[in-house]
Amino acid sequence: MSSSPHSAWQPTLNCSLQQCYVSSNANDSCRLSSTPCFNYRTSNNITYCAPASICSILESCDNITYRCASNTSICVVNSCCAQQVVCLPLSMVNFCESATSCPLTFISQSFPVGFLPTSVAVGDFNCDGKLDGIVANSGSNTVTVLFGSMNDIIGQTSFPTGVNPQAVAVADFNRDGNLDIVVANSDDNTLTVILGNGINDTLGQGIFSTGTSPQSVAVADFNLDDKLDIIVANSGNHTVTVILGDGVNDTIGQRSFSTGKNPRSVAVVDFNLDGKPDVVIANYVDNTVTVLLGNGANDTIGQATFPTGGNPRSVAVGDFNLDGKPDIVVANFGTNTVVILLGNGVNDTIGQKSFSTGINPQSVVVSDFNLDGKPDVIVANFGDNTLTILLGNGQGSFTAYETLPATGNPSSIVTSDFNGDGKPDLVVTNYYNSTIEDLQNTNRRNSEQINNYRIDLVSYRERIEESTKIRDICNEKMLQLEQRCRDLEDRAYRAQQQQHESIIERDDEIQHLKQILEQMQNDYQNLVDTKIGLDREIATYRKLLDSEEERLNIVARLGPSPTINGSATPTNNDETSINGPAQRQRLKRPRFEVDEDMIVTNGEH
């Protein structure tokens, strides 16, 4: 392969790029491209028909992740550039049209609604044969009905709801032929049902309790009694609540079922083809979808969970591989993708594919936008104010066809034919500028609009580059903070170790002092015992001395006087008597006085 710059369509020895042939369709609404077009291929074998481009102006993409820095480009792996893995701008795809699919263009109109619109539904609310738009306004606690007249809005009215309405749906709940409205109110955990009168007002309003923080609502006849029921996804307590309607203006029962964590979106479809409505729920926190299989009464016969991308925010259903079995599409807010789950018509999936979108996809719908008989997908990207169109090939795969600009963080999207031309149109709620945007599918080339897209692409690229710089700065700060946290953890660990060692030394010292104290106590006890024994011996000797002394005194006093020849010999008591005071004093031995209080027994010291 040559290393010099050359056009991507020019063949080289190892180039796998082939020209794609385009022609106009029967009604000549699609024109031939004046520039040769070629089949570019991505790493997962999705093909794009685009014109030639100078290799020097194409950016390189990551060889490992096959991702481009810009969300408005795709990574192709078979270009004829020196580095085959390059980023192809999606705007280039608009120049090459196939004979079976005309280019999609939309005419956009904006209409004011309430504050912070979060959800939109469509229906003929005033029974004039023309579709109207119904919008839930989370900031003003209302729903706004915009009365349509094919290509315009001829009036609007608003009705109060509960606190922080997050989702809206329409159906004829009381079977009077007039469209009614149901709204899920997140902050007061209720549903508001507004009964329409078929003109431009309501007949009444009912309020019903739900689980915690309801985020999404859908309508179906779950118990097969020909009366519409309601299902609500409760993000706060990880459940869905089924409310069975009585066909008038009340309910006949309510039951809740467990889901994954933080369910944000719910859709109804007969997933296992048994003629009974089933439910698909997108679980935002644990990155899964839950399928609840209904039994046609008020219970379920099974539950299955399937993985998705990061933070699934919206779910829709369609037959993407045309096998007659419902499939699931999920918009993943956290990973900027949609995931297609192909169903097997029982209770499982037979495959899964992922496709890139704009930043923070918030809502997804399914329709045949290019009228080729194959379901397509369009995604509202909240983070970069865009809509991503993915055209289906009827085999479960999609081509990233076009990115349309929105005006103010699109939060919800719905599709229907508003102007009656047989082509699906779009209604988008713009969260931060409190409008809805009506994009009517013109299905023809609009060169001025394409030029505007080019300008927008340049602007988006600049914004992305600026965001990348900010991201790099934040990453650097994050690394610094992480290093600081590690340093603090090391310091804390060392301090903990030192404290632990100090405690061990203190415990050893205390134990040593206890042993010394115990030895001293033992020695003291031995001394006390010895003293007690000596005191007792002294007391005993004292008693013996007293007794002996008393005996000697008695003998000296009562004994006979000495005689000579049997007669008494006169004596001088003052000089010779042994009983005199002086003599008695000489006979006494020294005595040691012992204090009785000093004699203590064991245990009293």
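Keep in mind that what you see is a predicted model, and the values were worked out from it rather than measured. For every chain, the first residue of its written sequence is number 1, and the numbers climb from 1 along that sequence. Local features in this predicted model are restricted to residues of pLDDT 70 or higher, and side-chain atom pairs are both shown and tallied only at a pLDDT of 80 or more, whereas totals for entire chains, interfaces and linings draw on every residue. Excluded from the side-chain calculations are hydrogens and water; all other atoms, namely the structure's heavy atoms, are used.

**Q** For this particular structure, what's the right way to read the state of the cysteines?
**A** In protein structure, a disulfide is the covalent linkage between the sulfur atoms of two cysteines. Any two cysteine sulfur atoms within 2.5 Å of one another count as a disulfide. The final tally for this structure, using the stated rule, is 2 disulfides. The disulfide partner of C61 is C75, and the S-S distance across this bridge is 2.0 Å. Across the S-S bond linking C61 and C75, the dihedral sits near 40°, which makes this disulfide right-handed. Here the residue C61 occupies a position in the loop between β3 (47-51) and β4 (73-76), and C75 occupies one in strand β4, the gap between them amounting to 14 residues. Across the pair, C75 and C61 agree in class, each one buried. Each sulfur in the disulfide pair C68 and C87 lies 2.2 Å from the other. Every disulfide takes its handedness from the sign of the S-S torsion; for C68 and C87 that torsion is -115°, giving left-handed. Of this pair, C68 sits in the loop between β3 and β4 while C87 sits in strand β5 (residues 86-89), placing them 19 residues apart in sequence. Between buried and exposed lies partly exposed: a residue is buried under 20% and exposed over 50% of the maximum accessible area for its type, with that area taken using a 1.4 Å probe on protein chains only. Look at C68 and you get buried, because its relative accessible area is 17%. Helix numbers and strand numbers start at the N terminus; a helix is a DSSP run of H or I with at least 4 residues, a strand a run of E with at least 2.

**Q** How should the nonpolar core be read in this particular structure?
**A** To define a nonpolar core, start from buried Ala, Val, Leu, Ile, Met, Phe, Trp, Tyr and Cys residues and group those joined through side-chain atoms within 4.5 Å. V329 and V377 are the most contacted members of the largest nonpolar core, which totals 25 residues. Counting only elements with at least two residues in this core, the list comes to β2 (37-41), β3, β4, β5, β24 (327-332), β25 (337-343), β28 (376-381) and β30 (398-405). Domain start and stop points were drawn from an automatic or database domain assignment. No fewer than three residues from each of domain 1 (38-92) and domain 2 (117-431) sit in this core. The residues touching V329, leaving out its near neighbours within four places in the chain, are S314, V315, A316, F320, V338, V339, I340, V364, V366 and V377. With 15 residues, the next largest nonpolar core counts A282, V289, L293 and F306 among its residues. By the convention used here, residues are in contact when the closest approach between their heavy atoms is within 4.5 Å.

**Q** What is the right way to look at the sheet that holds strand β8 (residues 132-137) in this model?
**A** The strands making up a sheet associate through backbone hydrogen bonding, with each pair oriented either parallel or antiparallel. For two strands to be treated as a pair, DSSP must find at least two bridges joining them. The antiparallel open sheet is built from 4 strands, whose spatial order is β7-β8-β9-β10. One side of each edge strand has no neighbouring strand; the edge strands of this open sheet are β7 (117-123) and β10 (153-160). On average, each strand axis in the sheet is inclined to that of its neighbour by 20°, with strand direction left out of account. The sheet contact formed by β7 and β8 spans 6 bridges and is antiparallel. Bridge assignment links G123 to a residue of β8, and that residue is D132. Comment: axis = line fitted to C-alpha atoms, over the contacting stretch for helices; angle = value between 0 and 180 degrees taken between N-to-C directions.

**Q** Could you clarify how one ought to interpret the environment of I154 in this entry?
**A** Mapped onto the fold, I154 is located in strand β10. Note on I154: relative accessible area 59%, which makes it exposed. Linking I154 and D132, residues 22 residues apart in sequence, is a C-alpha distance of 9.9 Å.

**Q** Help me out: how do you make sense of the pairing of strand β19 (residues 263-269) in this one?
**A** Within a regular strand, side chains alternate between the sheet's two faces. Across the 7 residues of β19, 6 count as buried, placing the element largely inside the fold. As defined by bridge partners, β19 adjoins strand β20 (residues 278-283) across 6 bridges and the pair is classed as antiparallel. In the sheet register, V269 faces β20, and the bridge partner there is D278.

**Q** Any chance you could explain the sheet that holds β25 here in plain terms?
**A** What the 4 strands build is an open sheet, ordered β23-β24-β25-β26; its pairing is antiparallel. Across the chains shown, the open sheet's two edge strands, defined by having one partner strand only, are β23 (312-318) and β26 (349-356). Across the sheet, the axes of successive neighbouring strands diverge by a mean angle of 20°, strand direction being ignored. By the bridge criterion, 6 bridges tie β23 to β24 in an arrangement that is antiparallel. The residue bridging P312 from the neighbouring strand is N332, located in β24.

**Q** Would you mind showing me how to read the environment of V168 here?
**A** If you trace the backbone, V168 turns up in strand β11 (residues 165-171). Exposure remark for V168: the relative accessible area of 7% places this residue in the buried category. Between the C-alpha atoms of V168 and T118, which are 50 residues apart in sequence, the distance is 8.9 Å. Excluding anything up to four places from it in sequence, V168 contacts S119, V120, A121, I134, A136, I181, V182, V183 and V217.

**Q** Would you explain a negative patch on the surface in this entry?
**A** Judged by side-chain charge, E501, E505, D507 and D508 come together as a negatively charged surface patch. Structurally, E505 is set in helix α1 (residues 447-558). E505 gets classed as exposed once you look at its relative accessible area, which sits at 57%. Residues enter patches when they are more than 30% accessible in relative terms and free of salt bridges; like-charged ones are connected within 9 Å and nonpolar ones (Val, Leu, Ile, Met, Phe, Trp, Tyr) within 5 Å. Computed with a 1.4 Å probe, the accessible areas rest on the Shrake-Rupley method; for each residue, only the protein chains presented here act as cover. Each reported salt bridge corresponds to a side-chain nitrogen of Lys or Arg within 4 Å of a carboxyl oxygen of Asp or Glu. Positive charge is attributed to Lys and Arg, negative charge to Asp and Glu, and no charge count is given to His or to the chain ends. By convention, the charge on Lys lies at NZ, on Arg at CZ, on Asp at CG and on Glu at CD.

**Q** Would you mind showing me how to read the packing of aromatic side chains here?
**A** The description of two aromatic rings rests on the distance between their centres and on the angle between their planes. For this analysis, a ring pair means two rings from Phe, Tyr or Trp (six-membered ring only for Trp) whose centres lie within 6.5 Å, classed as stacked if their planes differ by under 30 degrees, edge-to-face if by over 60, and tilted for the remaining angles. Under the counting rule described, the total for this entry stands at 7 aromatic pairs. Residues F320 and F398 carry aromatic rings whose centres are separated by 5.4 Å and whose planes lie at 70° to one another, so their mutual orientation is edge-to-face. Residue F320 is located in the loop between β23 and β24, and its partner F398 is located in strand β30; the two are separated by 78 residues in the primary sequence. Both residues of the pair, F320 and F398, count as buried. Centre to centre, the rings of F355 and F398 are 5.5 Å apart; their planes meet at 75°, and the pair counts as edge-to-face. Taken as a pair, F355 in strand β26 and F398 in strand β30 lie far apart in primary sequence, 43 residues in all. F355 sits in the buried class, given a relative accessible area of 5%. Within the aromatic cluster, the residues linked to one another by ring pairs are F320, F355 and F398. Whether a charge sits over a ring depends on NZ of Lys or CZ of Arg being within 6 Å of the ring centre and within 35 degrees of the ring normal. Of note, R264 hangs over the ring of Y284, and the distance from its end group to the ring centre comes to 4.5 Å.

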